[in-house]
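Coordinates in review
Here is how the chains run, residue by residue.
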Amino acid sequence: MSEDLHNFRVQAAKCSGGTSRNETKQLVLRIMKLHGVSGKILDFGAGIGELIKLLAQNSGLELSAADILDRPHDLPEHVTWYHQDLNEQLSVEGHFDAVICSEVIEHLENPRAIFRNIGAVLKRNGKLILTMPNQENIRSFLTLMFRGHFASFMGSEYPAHITALLRMDLKRICRETGFSDPVYFYTDYGWMPITNMSWQQFSFNLVGGRLFSDNLGMIVEKRT
């Protein structure tokens with residue numbers, strides 16, 4: 001890999017801020033609780049460490065994290081940090097009961113390669129929890145229709161956001177790379193078009209789900 005490409009990827013990671021909305025982090029925690037995720041966990045794309053620090057509050061988890069960014073200075077000492085480019089083959093110790101890939105896949109260049117890399121470090125029947133921008137909400141449909149791109153992939157979000165996926169893409173990728181079909185979840189939080197208000201504020205929290213959420217989550221199991 002050339003130095004120019006490496007520097008571009010580092011800069012793109014920095015543009016993302018290395019973080020996500022609180023609603024997305026809470027969605028990850030909710031999925032973990034609903035599906036009894038425990039044991040040895042890898043936060044794939046940990047950024048500045050906000051999610052892994054939340055997970056570290058659970059003493060029953062053995063935590064590791066990987067990112068192209070440097071290890072956060074305030075990360076708990078018991079968390080193992082792998083400093084590496086997530087577009088490349090993972091180099092970690094052992095296999096994991098679960099991998100969390102939260103708000104990461106849209107920043108990476110080859111989603112099928114990423115799923116294979118994650119599958120290689122998961123135990124059989126290990127779980128992958130993934131979150132990403134939801135391209136199938138009302139705001140994103142309208143943005144695609146009138147501006148020619150999805151709402152989370154506007155010019156201001158490049159080069160951080162480069163890969164837009166739909167639910168059908170995720171389902172096909174999972175089948176191609178040895179995972180079960182996805183079970184989907186939503187943050188139930190999303191911005192209305194041409195306003196400074198969320199659908200939930202406007203409706204007094206009466207709407208949610210796919211059409212009214214900016215982010216989706218999924219969980220799958222490694223089958224092969």
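Structure first, text after, so check above.
Residues numbered from 1 in each chain as written. Predicted model: local features only at pLDDT ≥ 70, side-chain atom pairs only at ≥ 80, totals over all residues. Heavy atoms only, no water.

Here we look at the nonpolar core
With 29 residues, the main nonpolar core has Phe 44, Val 99, Phe 115 and Leu 128 as its most contacted residues. Secondary-structure elements contributing two or more residues to this core are strand E1 (39-44), strand E4 (96-102), helix H4 (111-121), strand E5 (122-133), helix H6 (167-176) and strand E7 (215-221). (Core = buried A, V, L, I, M, F, W, Y, C linked by side-chain atoms within 4.5 Å. Buried < 20%, exposed > 50% of the residue type's maximum accessible area, 1.4 Å probe, protein only. Helix = DSSP H or I, 4+ residues; strand = E, 2+ residues; numbered from the N terminus.)

Digging into the side chain of Ser 180
Within the secondary structure layout, Ser 180 lies in the loop between H6 and strand E6 (183-186). If we skip the residues at most four places from it in the chain, Ser 180 touches Cys 174, Val 220, Glu 221 and Arg 223. (Contact = heavy atoms within 4.5 Å.)

Structural notes on helix H1 (residues 3-16)
Between the first and last C-alpha of H1 there are 20 Å, a value that for 14 residues agrees with the 20 Å anticipated at 1.5 Å per step. Of all the residues in H1, the buried ones are Arg 9, Val 10, Ala 12 and Ala 13. Axial view of H1: buried residues confined to an arc of 160°, hence all on one face. Of the exposed residues in H1, the ones pointing more than 90 degrees away from its buried face are Glu 3, Asp 4 and Lys 14. Once H1 ends, the next one or two residues include Gly 17, with phi positive near 85°. (Expected span 1.5 Å × (residues − 1). Arc of directions from axis to C-beta.)

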